[in-house]
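Each chain, written out:
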Amino acid sequence: MQQSGGSETEVTWEDQQNINKFGRLNNRFHELEDEIKMAKETNENLEDASNELILTDEEMVRFQIGEVFAHVPKEEVEERIEQMKEVTSKKLEKLEEEKDSVVAQMAELKKILYGKFKESINLEED
C-alpha cells in the first residue's frame, strides 16, 4: 500500500503487543517518577524533623501517630524517625531499580519498533 510517497508497514499481532507493552511501561514509568518524587519529599521531611529534634531541649515531644499527637520521649521519637528514614530509603532504592528496569525495557522496545516502522511510529514524548 502506498500513501503519499511513504510505504505503510503491516502491523502484526506481535507488533501490536509490543506497542501495547511500550504504552504500559510508559505509564508505569510516569507512576514511578511520581512515587520517587513523593519518597524523596518524605525523606527530606524526615531529615528536617530529625534536625529539629536535635535542636530541641525538651525531653517529651509531640509525635503524630495517625491523626493524634502524643507526648513521647525524645529518644523514642529519634528511633522512630530513623526507622522511618530507613524504610523510606529502601523504598526509594527499590523504586529507582524498577524505574531503571522499565527504562531498559522501553529502550529495547523502541529499538525493535523503530527498526520496523522507522518514522511511521512516534514513541517519544514531546
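Residues numbered from 1 in each chain as written. Predicted model: local features only at pLDDT ≥ 70, side-chain atom pairs only at ≥ 80, totals over all residues. Heavy atoms only, no water.

With that settled, consider the packing of aromatic side chains. On inspection of all chains with the given rule, the structure shows 0 aromatic pairs. In this arrangement the basic side chain of Arg62 is found over the ring face of Phe69, its NZ or CZ atom lying 4.8 Å from the centre. (Phe/Tyr/Trp six-rings, centres within 6.5 Å; stacked < 30°, edge-to-face > 60°. Lys NZ or Arg CZ within 6 Å of the ring centre and 35° of its normal.)

Turning next to the UniProt feature "coiled-coil region" (unreviewed entry) in the chain. In the numbering adopted here, UniProt assigns the feature "coiled-coil region" (unreviewed entry) to residues 22-112. Helix makes up 80% of residues 22-112 and strand 13%, whereas the separation of the span's terminal C-alpha atoms amounts to 11 Å. (UniProt positions renumbered as here; feature names shortened; annotations may be inferred. Helix = DSSP H or I, 4+ residues; strand = E, 2+ residues; numbered from the N terminus.)

Further remarks concern the side chain of Ser50. Position of Ser50 among the secondary structure elements: in helix H1 (residues 13-55). Ser50 sits in the buried class, given a relative accessible area of 13%. (Buried < 20%, exposed > 50% of the residue type's maximum accessible area, 1.4 Å probe, protein only.)

Its identity is not glycine, yet Lys118 carries a phi of approximately 50°, on the positive side. Looking at the element boundaries, Lys118 is found in the segment after helix H2 (74-117).

Looking at the secondary structure, you find Lys94 in helix H2. With a relative accessible area of 62%, Lys94 lands in the exposed category. Residues Lys94 and Lys40, 54 residues apart in the sequence, show an inter-C-alpha distance of 13 Å.

Right, let's talk about the pattern of salt bridges for a bit. One pass over the structure, following the stated rule, counts 10 salt bridges. Between Glu33 and Lys99 there is a salt bridge; the shortest N-O distance is 4.0 Å. On the criterion of sequence distance, the pair formed by Glu33 in helix H1 and Lys99 in helix H2 is long-range, its members being 66 residues apart. Given a relative accessible area of 21%, Lys99 falls into the partly exposed group. We note a salt bridge from Glu47 to Lys85, for which the minimum N-O separation is 3.0 Å. One end of the pair, Glu47, is in helix H1; the other, Lys85, is in helix H2, with 38 residues separating them in the sequence. Look at Glu47 and you get partly exposed, because its relative accessible area is 35%. One network of salt bridges, with partners in common, ties together Arg28, Glu31, Glu35 and Glu98. (Salt bridge = Lys/Arg side-chain N within 4 Å of Asp/Glu carboxyl O.)

Between its first and last C-alpha, H2 extends 62 Å over 44 residues, near the 64 Å set by a 1.5 Å rise per residue. Inspection of H2 places Lys74, Val77, Ile81, Lys85, Thr88, Leu92, Leu95, Val102, Met106, Leu109, Leu113 and Phe117 among the buried residues, and these make up the whole buried set. Residues of H2 that are buried in the fold lie against H1, strand S3 (60-65) and strand S4 (68-73). Looking one or two residues beyond H2, the residue adopting positive phi is Lys118, at roughly 50°. (Expected span 1.5 Å × (residues − 1). Contact = heavy atoms within 4.5 Å.)

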